[in-house]
Each structure stands twice: as C-alpha cells, then as structure tokens.
Amino acid sequence: MIIGHRKPLEEILKMLEPFDKIILAGCKGCVAVCNAGGEKEVGILASAIRLARKKDGKDIEVKEITLERQCDPEYIDQLQNVAGDHQAVLSIACGVGVQYLAERYKSTPALPGLNTDFMGGSREQGVWVERCQGCGNCVLHLTGGICPITRCSKSLLNGPCGGSSKGKCEINPDVECGWQLIIDRLKSLGLLEALYEQIMPYKDWLTSRDGGPRTITREDMRE
Amino acid sequence: MRMEYPSNVKIIRVPCTGKVDALYLLKALESGLDGVYVAGCKEGDCHYLKGNIRARKRVGYVKQILQDIGISPERVAMYNLSAAEGPRFVEIAREFTEKIRSLGPSPIRTGKGREIPRPGETAAGEKKPEGEHQAA
C-alpha cells in the first residue's frame, strides 16, 4: 500500500488560513490502512482544526467526508454536489487523491493534509516500512524476493558495497544491508551460485521515473 | 464512604479505558469543556490486558495535538487507580479541578488565541536566541 503520514498541524492550519468553510476528504484505501487518512483520522483532524480555529476566535466549518478511494474518478465525482459550496478541499489521501481532486474540481483549491512517503507494508502495529520503489521492471526472482532497488540504500544491482558492515548499512546502524539480506536468503534457498554469481547488467531506468510520468494502458479493458 | 468530589467533574462510564478514543477527548474539548481526564485501572491490572496502556498512549497523542495547536496539553490527563480507591478518586478529582482552574477557561470558549508559546519561543512570544536553543 501507499504509506503516508499527516503533515504538521501548523502547516495544515497555515494552508487553511484564508478559508472558513472547507471539506476534509479522507480515503478508505491505503492511507486508511496505515492510519493516516481514513475515516477516523478525518474525525480527529477535523476536530483538531476546529479547536485550533475556535481558540483564535475564527471558527471554521469542516465538512467531513471519506471516499471509497480518491484515485478513481467515479468516487471523486461523489463530491460534486458539495465541492462548489466550499472554499477548499483538504485531502488526507495520498498525493494521487489530492491531484485527482484538483483535476476534477477546477475552481476549488485542493490542499494536501498528508505527506506521501512510500510503497510498503506494516512491520508491526504502528510501524510501516518501505518495500517497493515502482521501478517498473521487477528483479525479485533474481534476488531471493528481496528488492535491491529499495532495500539497498544505493539501489545497487550487484552488491554489497564497502559500506556494509556486520549486516548493517553505513547510512544507519538500524538499517539492514539489503545485499546482506539477499545473500543470506539466496544461501538458504541454495541459489547463491546460480544467481549471485551472475553479474546483473545495468538497468534500463526508462521504466522507472527516468522515463517521465508513466501510463499503463490495457486495450482489452478500455471502453 | 460518602466522600465528596467536586460537582464540576462529570463522569462518563466506559467498559474499559481502552474504549476511549482520541476523538472522544477532542470532542469533549470541542464541546467547551475546560479539561478532561481519563481514570483507568492501574497499569498491569487491566482486565482486557492492555486497555489502560492504549488509553495512556491516546492521551499522549491528544496532548501532542493540543501542544501543536497552542492549547495547554495539561487540559487532558491520564490517571491510574483501582476501583477500591475511593479516597484517591476524590483526591484526583480535586487535583485535576485545581489544575484546570489555575489554567483558566478553555481558549475554545474565550477565543483568546494560543495559551502556550510556539516551540522555540518564550512565553512572551519572542524568539529564543539561536545559541540558547542549540545549547539545549
């Protein structure tokens, strides 16, 4: 899922300064699962915004809505009856949701309430970790199911580098060396010689961000 | 025991403090209450194992939100006591009432603005000198 976390309240309140009637839009997708932008977080943030403004004697009306998803036009459409009556939409979906709102509602400013961080999963209750960078050309079958692009701080395809020490990365002793993990895993799979001994050729990053904004088209699914 | 606690303390019963959501505390403040505290069982004595530990963390989360928006985090608190401690219950009710009374009415009702300085500012609203800030 996409992992995000709420922006500092001070930053959010500054964004909202010019407005006194807004929509606070949550998303029931990824950001609800990582407890950053779901229905509950909408309630808490709306309450915090109202408290902050009432304290200054500048009341604000916050309409709380949580959409099924903010990355599908059909759900974004559900705001069409209310968007025009409000001065801005504060979205606590990921950056995709904010942009979809901005594209759909031309005269209503869409503001980000979250910082969108990465694609990952939960390690334990309250802890989320990065696992994929969306490079567009997966090599997990060659690396024992551990992503060198994400788990290696340098995204090396043939590691580890000299900064690997006792299984940890030089950037931080709490960060595991991605390539140490890969080697250990390949060893336990009995694939070390078959896979690790092969030098991986340089990667074509055009499938990643280097090729500009990406689009996937499925002709069989298009209307 | 027929002990008296301050009449301004209104009790909302929950099955366990683990049921207390951050939003309950915020809504209580939003409705104009000057302060709200959670009275849970002693840590380690929760019948649901971790309810009071969760409540403590949520109280901490709400305190941080209040700090961030300029409302005194002392307006929310967590206390732990057992159901057999009547005198302690009264003592806590009095103690919290006194604390809130000393803070004064909630800025939510008065609209008087921040009641605590921004991080890095002194109470008078002046910025702390850089050196002093770094030394801390």
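Note that this is a predicted model, so its numbers are computed, not measured. (Residues numbered from 1 in each chain as written. Chains lettered and ligands numbered in written order. Predicted model: local features only at pLDDT ≥ 70, side-chain atom pairs only at ≥ 80, totals over all residues.)

A.B. asks: Outline the domain arrangement of chain A, supporting the account with residue identities and numerical values.
C.D. replies: Taken domain by domain, chain A consists of domain 1 (2–118) and domain 2 (133–211). Distance between the C-alpha centres of domain 1 of chain A and domain 2 of chain A: 37 Å. (Domains from an automatic or database assignment.)

A.B. asks: Can you tell me about helix H6 (residues 95–104) of chain A, naming the residues and giving the values?
C.D. replies: Residues and elements named next belong to chain A. Of all the positions in H6, only Gly97, Val98, Tyr100 and Leu101 are classed as buried. Around the axis of H6, the buried residues are gathered within 165° of arc, so they sit on the same side. Looking at the packing, one finds that the buried side of H6 touches strand E2 (21–27), helix H4 (73–76), strand E4 (88–91) and strand E5 (110–112). (Buried ≥ 20, exposed ≤ 12 C-beta atoms within 10 Å, placed from the backbone. Helix = DSSP H or I, 4+ residues; strand = E, 2+ residues; numbered from the N terminus. Arc of directions from axis to C-beta. Contact = placed C-beta atoms within 7 Å.)

A.B. asks: Go over the interface of chain A and chain B with me, naming the residues and quoting the values.
C.D. replies: Counting from both sides, the interface comprises 14 residues of chain A and, opposite them, 15 residues of chain B. Of all the secondary structure elements, the ones that give two or more residues to the side of chain A that touches chain B are helix H1 (9–16) and helix H3 (39–55) of chain A. Among the elements that make up the side of chain A that touches chain B, the one with the highest residue count is H3 of chain A (9 residues). Partitioned by chemical class, the residues of the side of chain A that touches chain B number 6 nonpolar, 3 polar and 5 charged. (Nonpolar A, V, L, I, M, F, W, Y, C, P; charged D, E, K, R; others polar.)

A.B. asks: Kindly report on the sheet that holds strand E3 (residues 61–67) of chain A, identifying the contributing residues and their values.
C.D. replies: All names here are of chain A. Read across the open sheet, the 4 strands follow the order E3-E2-E4-E5; overall the sheet is parallel. Each of the sheet's edge strands pairs with one partner strand only, and the pair in question is E3 and E5. Going across the sheet, the axis of each strand differs from the next one's by a mean of 25°, ignoring polarity. As judged from the 4 bridges shared by E2 and E4, these two strands associate in the parallel manner. Each residue of the ladder has a partner; that of Leu24, found in E4, is Leu90. Contacts from H3 reach E2 and E3, with the element oriented near 170° to E3. (Pairing = 2+ DSSP bridges. Axes fitted to C-alpha atoms, helices over the stretch in contact; angles between N-to-C directions.)

A.B. asks: Quick rundown of the sheet that holds strand E7 (residues 127–132) of chain A? Include the residues and the values.
C.D. replies: Residue and element names in this part refer to chain A. Ordered by their spatial adjacency, 3 strands build an open sheet running E1-E6-E7, and the pairing between neighbours is antiparallel. With one partner strand each, in any of the chains shown, strand E1 (2–6) and E7 form the two edges of the open sheet. Adjacent strand axes in the sheet meet at a mean angle of 70°, parallel and antiparallel pairs treated alike. Alignment of strand E6 (residues 114–124) against E7, held across 5 bridges, turns out to be antiparallel. The residue bridging Gly121 from the neighbouring strand is Val129, located in E7.

A.B. asks: Just give me the short version of the packing of H3 of chain A against helix H1 (residues 22–30) of chain B, but keep the residues and values in it.
C.D. replies: In the contact formed by H3 of chain A and H1 of chain B, the axes pass within 10 Å of each other and the chain directions differ by 25°. As summarised for this structure, H3 of chain A and H1 of chain B are arranged roughly parallel, according to the angle between their axes. In this structure, H3 of chain A crosses over H1 of chain B, and the sense of that crossing is left-handed. In this structure, H3 of chain A uses Gly43, Ile44, Ser47, Ala48, Arg50 and Leu51 of chain A to contact H1 of chain B, whose residues at the interface are Ala22, Leu23, Leu26, Lys27, Leu29 and Glu30 of chain B. When the residues that make up the contact of H3 of chain A with H1 of chain B are grouped by side-chain class, the tally is 7 nonpolar, 2 polar and 3 charged. (Parallel < 35°, antiparallel > 145°, perpendicular 65-115°, else oblique. Left-handed = near helix turned anticlockwise from the far one by under 90°.)

A.B. asks: A description of the nonpolar core should follow, citing residues and the corresponding values.
C.D. replies: All names here are of chain A. Grouped together as the largest cluster of nonpolar side chains are 62 residues, with contacts concentrated most on Leu24, Val31, Ala48 and Val89. A total of 7 residues in this core trace back to one element, the largest contributor, which is H3. Dropping the residues within four chain positions of it, Leu24 is found in contact with Val42, Leu45, Ala46, Val62, Lys63, Glu64 and Leu90. Within the second largest apolar cluster, 11 residues are counted, among which are Ile146, Cys152, Leu181 and Ile183. (Core = buried A, V, L, I, M, F, W, Y, C linked by C-beta atoms within 7 Å.)

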